[in-house]
Amino acid sequence: MAPFVLSQQKKFEKNRFFFKNVLKYSLLVAFTALFCDLKSNWGFWAHKRINRLAVFRLPVEMQCFFKKYIDYLSENAVNPDRRRYAVVGEAERHFIDLDVYGDSALAVLPKYWQAAVQKIGEDSLRKHGIVPWHVQLAALQLTAAFRERNASRILRISADLGHYIADAHVPLHTTRNYNGQLTGQDGIHGFWESRLPELFAEDYDMWLGPAVYRKDIAQDIWKAVADSHAAMDSVLLFEKQLTEGFKADKKYSFELRNNVLTRMQSREFSEKYHRMLAGQVEKRMRASVQMVGDIWYTCWINAGQPDLGHLANAKPDNTDPNAERVEPETWLQRLLNVRPESD
């Protein structure tokens, strides 16, 4: 082969190698940046705290088991968020876009899954979120786990159920404008549910008394969603009003988080917004703790109040064969198809 041809072939191979690696690196950087921006609902800290506080509301017959695994229930409260971009069907369990269904959504949407599927269609329901229906399903699953006295399933489903209940109490989880992207308020999602609780939740009153039995979980979870949606307008309106009267260079500050210098709403802006909301974040967080404890307790009652004492020495197993498996899609396909819950 002529030297010129060999030279051109080598150059082509070098260029192909270079561009191939540039593409890989670019995708990795883009994925990492996006994943870092897609932080958890309520924030990891708040989800863990909600599950932890719910344990203390349980009767002594349940605490012998739940208190022993309180760290597991707290740490694994964020598992549904970790699965959002890996497990097909996970993302829609965290929200419901009520505004898609019109002003009468809460009146016309069926409260039970099968009726909703018959009326609207499963694909359409999943596209716009299914959190109130999925909480009902997860409660049935937890009741079954109690009946089976399956310690691993009790713990896994309890941790997950606590997460979904908490998400239903977040106002921005009830609207298409979940991150203020439709009103020029990008970043309000993480501001309300991560930044504010992390700054102020230590002063919240979270002692709610013992858990109580819920006669109608479907009705109660839909009421939680309705209350969240009623608060949504003020979440957006107050932030916009405060921003308009705030100096641009005072709204944000840089703080070191996990050894990374991160731009976020300043403490001054956060404090004023928190005051404008008049305890809204605390009320939604208290309601989350209350419902998580109540529904755990209700599932135990509905299962016949099984003795959990002998399960206290069981070892949590995250490899439960009944747990959901990841669908055979690439991470890039999943990432592009899942609605982000960005900060």
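Residues numbered from 1 in each chain as written. Predicted model: local features only at pLDDT ≥ 70, side-chain atom pairs only at ≥ 80, totals over all residues. Heavy atoms only, no water.

**Q** I'd like a description of the overall build of the protein, backed by residues and values.
**A** When helices and strands are counted, the protein shows 16 helices and two strands. Burial status across the protein gives 49% buried among its 343 residues. As presented, the protein carries roughly 17,500 Å² of accessible surface, and 55% of it is formed by carbon and sulfur atoms. (Helix = DSSP H or I, 4+ residues; strand = E, 2+ residues; numbered from the N terminus. Buried < 20%, exposed > 50% of the residue type's maximum accessible area, 1.4 Å probe, protein only. Areas by Shrake-Rupley, 256 points an atom, 1.4 Å probe, with all protein chains shown as cover.)

**Q** Describe the pairing of strand β2 (residues 260–265), listing the residues and the values that go with them.
**A** Regular strands place their side chains on alternate faces of the sheet. Two strands pair when backbone bridges link them, and strand β1 (residues 252–257) and β2 are joined in this way by six bridges, in the antiparallel orientation. Its bridge partner lying in β2, Arg 257 is registered against Val 260. (Pairing = 2+ DSSP bridges.)

**Q** Give me helix α10 (residues 151–168): which residues, what numbers.
**A** Compared with the 26 Å implied by 1.5 Å per residue over 18 residues, the 26 Å span of α10 between its first and last C-alpha is a close match. The buried fraction of α10 is high, at 18 of 18 residues. One side-chain oxygen of the residue at the start of α10 lies 3.3 Å from the amide nitrogen of Ser 152, identifying that residue as Asn 150. (Expected span 1.5 Å × (residues − 1). Polar contact = N/O pair within 3.5 Å; in protein donor to acceptor, adjacent residues only side chain to side chain.)

**Q** With reference to specific residues and values, describe the nonpolar core.
**A** Phe 66 and Phe 146 are the most contacted members of the largest nonpolar core, which totals 79 residues. What Phe 66 contacts, discounting residues up to four positions off in sequence, is Val 55, Leu 58, Leu 73, Phe 146, Ile 154, Ser 158, Trp 296 and Leu 308. (Core = buried A, V, L, I, M, F, W, Y, C linked by side-chain atoms within 4.5 Å. Contact = heavy atoms within 4.5 Å.)

**Q** Provide a residue-level description of the packing of aromatic side chains, including the pertinent values.
**A** Aromatic ring pairs are described here by two measures, namely the spacing of the ring centres and the angle between the planes. The final tally for this structure, using the stated rule, is 11 aromatic pairs. Where Tyr 297 meets Trp 300, the ring centres are 6.2 Å apart and the plane angle is 35 degrees; that geometry is what we call tilted. Of this pair, Tyr 297 and Trp 300 both sit in helix α15 (residues 280–302), three residues apart, roughly one helical turn. One exposure class covers both Tyr 297 and Trp 300, and it is buried. Here the guanidinium or amino end of Arg 263 rests over the ring plane of Tyr 252, the centre of that ring lying 3.7 Å away. (Phe/Tyr/Trp six-rings, centres within 6.5 Å; stacked < 30°, edge-to-face > 60°. Lys NZ or Arg CZ within 6 Å of the ring centre and 35° of its normal.)

**Q** Before we move on, could you go through the pattern of salt bridges and cite the residues and values that matter?
**A** Applying the stated rule across the entire model yields 19 salt bridges. A single network of salt bridges, built from pairs that share partners, joins Arg 57, Arg 214, Asp 220 and Asp 294. (Salt bridge = Lys/Arg side-chain N within 4 Å of Asp/Glu carboxyl O.)

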